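What follows is the residue order along each chain.
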Amino acid sequence: MSKQIIGKRFYVQMSEQSEWHVAEILSSKVKDDQTYYYVHYVDFNRRLDEWIPMERIDFTKPVETNRSSVNSSQKEKSKANGSNKQKALQVKSETNGDAESACVPRGSMRHSIDDNLTPKIRNVEQILLGHYRIQPWYFSPYPQELCQLPCIYLCPFCLKYVKSMDCLKRHAQKCPWRHPPGVEIYRKDKLSVFEVDGRKSKVYIKRLCFSANFI
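One numbering rule holds for all chains: residues counted from 1, following each sequence as written. Given that this is a predicted model, residues contribute local features only at a pLDDT of at least 70 and side-chain atom pairs are listed and counted only at 80 or more, while totals for whole chains, interfaces and linings are drawn from all residues. Only hydrogens and water are set aside; all other atoms, that is, all heavy atoms of the structure, feed into the side-chain values.

Draft legend 1. Highlighting the sheet that holds strand 8 (residues 152-154). Should DSSP find at least two bridges between two strands, the strands are taken to pair. Runs of E in the DSSP output that reach at least two residues are strands. Runs of H or I that reach at least four are helices, and both are numbered from the N terminus. An order of 7-6-8-9 is seen for the four strands of this open sheet, with the pairing classed as mixed. Looking at the sheet topology across the chains shown, the edges are occupied by strand 7 (132-134) and strand 9 (161-162). Summarising the sheet, strand 6 (residues 127-129) and strand 7 pair through three bridges and their orientation is antiparallel. Residue pairing in the sheet places L128 in a bridge with R133 of strand 7.

Draft legend 2. Broad picture of a nonpolar patch on the surface. Grouping into patches uses exposed residues only, defined as over 30% relative accessible area, and leaves out salt-bridged ones; the cut-off is 9 Å for like charges and 5 Å for nonpolar side chains (Val, Leu, Ile, Met, Phe, Trp, Tyr). Per-residue and other accessible areas were derived by the Shrake-Rupley procedure at a 1.4 Å probe size, with only the shown protein chains allowed to occlude residues. By salt bridge we mean one thing: a side-chain nitrogen of Lys or Arg within 4 Å of a carboxyl oxygen of Asp or Glu. A cluster of nonpolar side chains, contributed by V183, I185, Y186, L191 and V193, occupies part of the molecular surface with about 460 Å² of accessible area. Sorting the residues of the nonpolar patch by element identifies strand 10 (183-188) and strand 11 (191-195) as the ones contributing at least two each. If one sorts the elements of the nonpolar patch by residue count, strand 10 sits on top with three residues. Assignment of secondary structure puts V183 in strand 10.

Draft legend 3. Seen up close, a positive patch on the surface. By the counting scheme adopted, Arg and Lys are positive, Glu and Asp are negative, and His together with the chain ends is not counted. One atom stands in for each charge, and that atom is NZ of Lys, CZ of Arg, CG of Asp or CD of Glu. Where like charges cluster on the molecular surface, the positive patch consists of K160, K163, R170 and K174. Assignment of secondary structure puts K160 in the loop between strand 8 and strand 9. Its relative accessible area of 32% is what places K160 among the partly exposed residues. Throughout, exposure labels follow a simple rule: accessible area from a 1.4 Å probe, protein chains only, divided by the maximum for the residue type, with under 20% read as buried, over 50% as exposed, and the rest as partly exposed.

Draft legend 4. Main features of the sheet that holds strand 2 (residues 20-31). Sheet architecture is open: five strands sit in the order 4-3-2-1-5, paired in antiparallel fashion. For this open sheet the edge positions go to strand 4 (50-53) and strand 5 (57-63), each flanked by a neighbour on one side alone. Within this sheet the neighbouring strands show an average axis-to-axis angle of 50°, counted without direction. Pairing between strand 2 and strand 3 (residues 34-41): eight bridges, direction antiparallel. Bridging across to strand 3, A23 finds its partner in Y41. In this description, a line fitted to the C-alpha atoms serves as the axis of each element, helices being fitted only across the stretch in contact, and the angle between N-to-C directions of two axes falls anywhere from 0 to 180 degrees.

Draft legend 5. Region of interest: helix 6 (residues 202-212). Looking only at helix 6, the buried set comprises Y204, R207, F210 and S211. Projected down its long axis, helix 6 carries its buried residues within an arc of 120°, all on one side. Only heavy atoms enter the contact rule, under which two residues are in contact if any of them lie within 4.5 Å. Residues of helix 6 that are buried make contact with strand 8 and strand 9. To obtain the arc, one takes the directions from the helix axis to the C-beta atoms.

So this is what it looks like as C-alpha cells:
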C-alpha cells in the first residue's frame, strides 16, 4: 500500500491541531513496526513537512488533482513559445549569421518543464547543540546511520557529530577547542564572531555546512 499512495493527496491532521488539510505523501518508512509517511501540506511552507503516523491520514477520501491537464497546457504553451522564438531566430539569422548561435541557450541555461523539482526529504529528527535541542527544517547530508537515530549530538566547539550523549561526553574530555578555529573579529558582552579560513579548516567547514542546512 505504501508505494501505491506515494505522490497522492489525502486529508491529513496537522500536528497539534484538530484541523484537516490536504497533503501530498512524498515517502514512507517503517519504524518500530509502525508505518510513517512524510507529507507536504499543500499551500503551506515546506518547513512544515513532517513524518506522521498513518492514523493521522484519511485514506477514505483521496483528493483528485488535475496534474495531467496542467502539464498538457504547460507543454502546449512551451511549444508555442518555442515556435515563436525559433521563428524570431530564423528571421535574425537571415540578417546576421551569428545571431542564432548567440541567442540559443545551451547547457545549464536550458529549461525544461520536465525538470525534477522534488525537494529532498528532511532526514534528521533533532540535533543537540550545547544546551539547545533543535528540530531541523531541511535535509542535511549527515551519515545515514546517524539519520536513523532520534537525535544527533554536536560538539558546541568543533561541531563533531556523534550518536549519543555518552559519546559526546567522552569527546568533550578530549576536545582541545574552546572556540572556532579562526580569528576573532568582533566581541560584545558574551557574543563573539570568528572568521574561519576554509582552506585551513576544511573539516570544521564541512561540519558547519552540515549544520547550516538546518536553517
